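Tertiary structure, described
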Amino acid sequence: MKILAIGRNYADHIKELNNERPDQPVIFTKPDTALLKKNANFYYPDYTSDIHHEVELVIRICKVGKNIDERFAHKYYDHIGIGLDFTARDLQQHAKEKGLPWAIAKGFDGSAPISEFVPISKYNDLDDLNFSLKVDGEVKQKGNTSLMLFGFNYMVAYLSKFFTLKKGDLIFTGTPKGVGPITIGQKLEGYIEDEKLLEVLIK
Ligand code: MG
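Residues numbered from 1 in each chain as written. Predicted model: local features only at pLDDT ≥ 70, side-chain atom pairs only at ≥ 80, totals over all residues. Heavy atoms only, no water.

**Quick word on the environment of Leu-170**
Rules: Secondary structure elements follow DSSP: runs of H or I of four or more residues count as helices, runs of E of two or more count as strands, with numbering from the N terminus.
As for its position among the elements, Leu-170 is in strand E12 (residues 170–172). The spacing of Leu-170 and Lys-98 is 72 residues in sequence and 29 Å in space, taken between C-alpha atoms.

Given below as structure tokens:
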């Protein structure tokens, strides 16, 4: 399986990092070794001192597809979960300045905690879905899918031009504003609507 991710998909987050608003989705990948499942603890690595949380909805591909038409894209994912796109902001900043790839800054071990997946049919309106992140009990990030620059179907269609999508592939769909540093000892909790689906302790 592979993990595809979209950056800069919420205007309010683009603003907070002083990034440019993209004409097309900004795409990066994470290796499968980035996944952290079953609410496992995250151990802060020593090669960065500025990891940020980015809470994101994650959709799961349910069948193989290539050059998918946006009109049919909804048939290619049927589960959704919540994940964290942990980003080593110091390494990413260095890479941005030098024009280097984000592979390490975004793809290090444990940089993709994810929840269990739930059937999309559970939710009435995918275009109006709330999600959020609490850090030590306080809401730090809040998003709603209506605020995405590129919607799920557009994303699936766009990605499938370049990458054959396969069953089990995951797509991280971008973070809203409120990203910030994590520190050892914190508890992070991810919610879709009012349901807590993810909990990660920073060790
Ligand atoms: Mg992100």
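On we go.
**Some words on helix H2 (residues 89–98)**
Just so we agree on the cut-off: Relative accessibility under 20% of the residue-type maximum defines a buried residue, over 50% an exposed one, and the middle range a partly exposed one, all with a 1.4 Å probe and only protein chains included. Within this analysis, the arc is defined by the directions that extend from the helix axis to the C-beta atoms.
Among the residues of H2, those classed as buried are Arg-89, Gln-92 and Ala-95. Looking straight down H2, one finds its buried side chains confined to an arc of 120 degrees; they lie on one side. What points out from H2, more than 90 degrees from its buried face, is the exposed set Glu-97 and Lys-98. The positive-phi residue at the C-terminal boundary of H2 is Gly-99, with phi of around 70 degrees.

**So, helix H4 (residues 152–162)**
Put simply, the test is: Note on definitions: a residue-residue contact is assigned when non-hydrogen atoms from the two residues lie within 4.5 Å.
Residues Phe-152, Met-155, Val-156, Ala-157, Tyr-158, Leu-159 and Ser-160 constitute the buried set of H4. Those residues of H4 that are buried are in contact with strand E1 (3–7), strand E2 (26–30), strand E5 (55–61), strand E6 (77–84) and E12.

**Details of the pairing of E6**
Each regular strand carries side chains that alternate between the two faces of the sheet. Under the convention used in this document: At least two bridges found by DSSP between two strands is the condition for calling them paired.
Counted residue by residue, E6 has seven buried out of eight residues, so it is predominantly covered. Both E5 and E6 contribute to a ladder of seven bridges, which runs antiparallel. Along E6, the bridge assignment pairs Val-55 with Leu-84. Across two bridges, the pairing between E6 and strand E9 (residues 118–119) is antiparallel. For His-79, the partnering residue across the bridge sits in E9 and is Pro-119.

**Re the nonpolar core**
Operational definition: Nine residue types can take part in a nonpolar core, namely buried Ala, Val, Leu, Ile, Met, Phe, Trp, Tyr and Cys, and a core is a set of them joined through side-chain atoms within 4.5 Å.
By size, the foremost hydrophobic cluster in this structure holds 44 residues, and its most contacted members are Phe-42, Ile-80, Phe-86, Phe-152 and Val-156. Secondary-structure elements contributing two or more residues to this core are E1, E5, E6, strand E10 (130–135), H4, strand E14 (187–192) and strand E15 (195–201). When residues no more than four places from it in sequence are discounted, the contact partners of Val-156 are Ile-59, Ile-61, Ile-68, Ala-73, Tyr-76, Tyr-77, Leu-165 and Ile-171. Ile-3, Ala-5, Ala-95 and Leu-170 belong to the second largest nonpolar core, which has 13 residues in total.

**A look at the pattern of salt bridges**
Let me state the cut-off plainly: Salt bridges, as used here, are contacts in which a Lys or Arg side-chain nitrogen is within 4 Å of a carboxyl oxygen on Asp or Glu.
Under the definition given, this model contains 10 salt bridges. Among the ionic pairs, Glu-195 bridges to Lys-122, the shortest N-O distance being 2.7 Å. One end of the pair, Glu-195, is in strand E15; the other, Lys-122, is in the loop between E9 and E10, with 73 residues separating them in the sequence. Overall, the relative accessible area of 30% leaves Glu-195 in the partly exposed class. Taking relative accessible area as the criterion, Lys-122 reaches 44% and is therefore assigned partly exposed. For Lys-196, the salt bridge goes to Glu-189, with nearest N and O atoms at 2.7 Å. Within this structure, Lys-30, Glu-54, Asp-85, Arg-89 and Lys-106 form a network of salt bridges that share partners.

In short, the description is geometric, and any link to function would need to be established separately.
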